[in-house]
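What follows is each chain in one-letter form.
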Amino acid sequence: MLSIPVDREAMRSGAPTRSDHLRPWLPLLCAATVWLTLITRISSLLRDADVYWHIEVGQWIVDHRAVPHVDLFSFTMRGAPWITSAWLSEVLYFAAFKLAGWVGPALLCALSASIAFFLLASLLLKRLPNVPVVILVCAGIAMTAFHTLARPHVLIFPLMVLWANALVQASEARRAPSLVYLPLITLWANLHGSFTLGLALIGPFALEALWTADKSARLTVALQWLRFGVLALGAACITPYGPESILVTFRLLSFGTTLATLGEWKPALDFGALNPIVICLIAAIGYVMYSGFKLPPIRLTILLAVIWQTLAHVRYVDVCALVAPFLIAGPLGQHLSWPQLQLSRKVVPPTSTAFIMVIATLLVASGLILATKDHSPPLVPRVAVEKLKERQTNRVLNDYYFGGYLISQGIPVFIDSRAELYGPAFLNRYVRAISLDDLADFVRLLDECKIDATLLFPSTPAVGLLDRLPEWERSYADDVAIVHIRRTPR
């Protein structure tokens, strides 16, 4: 049973109370910490080159008053079926870019993350004392820091928090969530393809609600959750693509081990080095072993599944940071006897004047920080791409990372991060070729695809081979990229 009984007798007793002035400020302090931390490293928020093609797609959508249904940006898959589940995020990033240059997408990203942690702290404070809330929120901030980028997935952080809280709250009350939460999944489905995770979470929480409900009420509870699940599935299909956005997720999952070869899908942890994820997991294990804290079986199963996905794919670190706290909050409150502690505390809300002064201080500090920082994206092959334009190359074999920037420059790409477009066979061949795992196939690939130039990182193994092939010449090199041109155009 996850409901927490309230000691009414203790409430009526004349026990002295202590004023808690900090508690109502905690959500704002958490959000301010995230905001100030992120805007001091705007170039880091823009370090993922995908932001270029997301903005380009957003501009295409605005210009054409439509969403794309085929590939428009590569020469290897030109015209092949392709949809963008993040179309609304791309429009928002494009609008932010038009309004404020590169600062715009970075600030939009920082604002979304700040709102998410404000909501996370606010909702956890309904279940836990100050210290555990601060620990959980700070752990979440640390874990998501390296994956908070100006990309569509960050814009759904607040929705993920609200959705997870709604499911947990309903499960603990042994009922289905209110239908007023359905617009959240519709908005999520138009912002990012991870909405399928939100749908997948319905099942285990419905099972938990059934497990803990009275036998006489289980049929009613089952029908409520079934209705909510069906309506949520329907709400998720309210996109320009209908159910196709859901099918894309299944196609990606069918890639198997191929996903692990892509940077954004690689495992999140390197246990050979300390990082926030390792520290948080070890600290959590230590606390459980020391305190004897336990989770109900179904809740534990959900948490272990989230942790496993986090270890398997770096993308799931956000889920672990923003969803896992709700999985443990209720049982942890019982473990700490929080209802009894809460009775002896009087929460003192902040005055409106104090609140306005804090917001004004944040705005002034933000302005000073933004005025003193360089906001251009790092690792951009600007000069190298200019050399390609000068040589009027048409078919460029590019490093995976450079795809987004090439798209923004109007150059058709060999490959970019839209893995669902290229498919596992194409991705596997590409990775093996440029890493020279199959040297002969790399040479064949150059000829089959009629490549007349390459744009690769200096550390890419294929660069050394191109330097030795007589039909290729190194045209340009710097710390970011190396350009090779075919001596005799095909």
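Our structure's up above, just so we're on the same page.
Residues numbered from 1 in each chain as written. Predicted model: local features only at pLDDT ≥ 70, side-chain atom pairs only at ≥ 80, totals over all residues. Heavy atoms only, no water.

Caption draft 1: Inspection of the pairing of strand 6 (residues 482-486) at higher detail. Most of strand 6 sits inside the fold, with five of its five residues counted as buried. Alternating positions in strand 6 separate into two faces, I482, H484 and R486 on one and V483 and I485 on the other, with burial throughout. Direction of pairing for strand 4 (residues 453-456) relative to strand 6: antiparallel, over a ladder of four bridges. Of the residues in strand 6, the one forming a bridge with L456 is I482. Relative to strand 6, strand 5 (residues 472-477) runs antiparallel, the two being bridged by five bridges. Its bridge partner being in strand 6, E473 is matched across the sheet by I485. Connecting strand 5 to the next strand, strand 6, in antiparallel fashion are four residues. (Buried < 20%, exposed > 50% of the residue type's maximum accessible area, 1.4 Å probe, protein only. Helix = DSSP H or I, 4+ residues; strand = E, 2+ residues; numbered from the N terminus. Pairing = 2+ DSSP bridges.)

Caption draft 2: Here's a closer look at the packing of helix 10 (residues 182-191) against helix 12 (residues 218-236). It is the contact of helix 10 with helix 12, at a shortest axis distance of 8 Å, that shows an interaxial angle of 35 degrees. Every pair of crossing elements has a handedness; the one defined by helix 10 and helix 12 is right-handed. From helix 10, L182, I185, T186 and A189 reach across to helix 12, where they touch F228, L231, A232, A235 and A236. Across the contact of helix 10 with helix 12, the residue classes break down as eight nonpolar, one polar and no charged. (Axes fitted to C-alpha atoms, helices over the stretch in contact; angles between N-to-C directions. Left-handed = near helix turned anticlockwise from the far one by under 90°. Contact = heavy atoms within 4.5 Å. Nonpolar A, V, L, I, M, F, W, Y, C, P; charged D, E, K, R; others polar.)

Caption draft 3: Layout of the packing of aromatic side chains. According to the stated counting rule, one finds 14 aromatic pairs in the structure shown. A centroid spacing of 6.0 Å and a plane angle of 65 degrees characterise the contact between F75 and F414, whose relative ring orientation is edge-to-face. One end of the pair, F75, is in the loop between helix 4 (50-64) and helix 5 (87-100); the other, F414, is in the loop between helix 21 (403-408) and helix 22 (419-434), and 339 residues separate them in sequence. The residues F75 and F414 share a single accessibility class, namely buried. Among the aromatic residues, those joined into a ring-pair cluster are F75, F414, Y422, F426 and Y430. Between the NZ or CZ atom of R418 and the centre of the ring of W53, over which it lies, the distance is 6.0 Å. (Phe/Tyr/Trp six-rings, centres within 6.5 Å; stacked < 30°, edge-to-face > 60°. Lys NZ or Arg CZ within 6 Å of the ring centre and 35° of its normal.)

Caption draft 4: View of the side chain of N398. Assignment of secondary structure puts N398 in strand 3 (residues 396-398). Here N398 falls in the buried class, since its relative accessible area comes to 0%. For N398, the side chain forms a polar contact with the main-chain oxygen of I415, separated by 2.8 Å. N398 has contacts with G403, L406, V413, F414, I415, Y430, L455 and L456, leaving out every residue within four places of it along the chain. (Polar contact = N/O pair within 3.5 Å; in protein donor to acceptor, adjacent residues only side chain to side chain.)

Caption draft 5: Here's a closer look at the nonpolar core. With 150 residues, the main nonpolar core has V137, W163, W225, F414, F442 and L455 as its most contacted residues. The element best represented in this core is helix 6 (residues 103-124), accounting for 12 residues. If we skip the residues at most four places from it in the chain, W225 touches L167, A170, S171, R175, A176, P177, I202, F205, A206 and A209. (Core = buried A, V, L, I, M, F, W, Y, C linked by side-chain atoms within 4.5 Å.)

Caption draft 6: Region of the structure containing empty space enclosed by the protein. A complete count under the given rule lists one cavity of 30 Å³ or more for this structure. Residue lining of the largest cavity: L46, R47, A49, Y52, P377, P378, L379, V380, P381, Y401, F402 and Y405, and that is the complete set. Of the residues that constitute the lining of the largest cavity, the class distribution is 11 nonpolar, no polar and one charged. (1 Å grid on protein atoms, 1.4 Å probe; cavity = no way out; pocket = protein on both sides within 12 Å on 5 of 7 lines; lining within 4 Å. Points joined across faces, edges and corners; volume = space filled by probe spheres on them.)

Caption draft 7: Structural context of the sheet that holds strand 4. Spatial ordering of the open sheet is given by 3-4-6-5, a layout of four strands whose pairing is mixed. Each of the sheet's edge strands pairs with one partner strand only, and the pair in question is strand 3 and strand 5. Neighbour-to-neighbour, the strand axes of this sheet turn through a mean angle of 20 degrees, independent of strand direction.

Caption draft 8: Main features of the pairing of strand 4. With burial as the criterion, each face of strand 4 is covered, one bearing A453 and L455 and the other bearing T454 and L456. Two strands pair when backbone bridges link them, and strand 3 and strand 4 are joined in this way by three bridges, in the parallel orientation. Each residue of the ladder has a partner; that of N398, found in strand 4, is L455.

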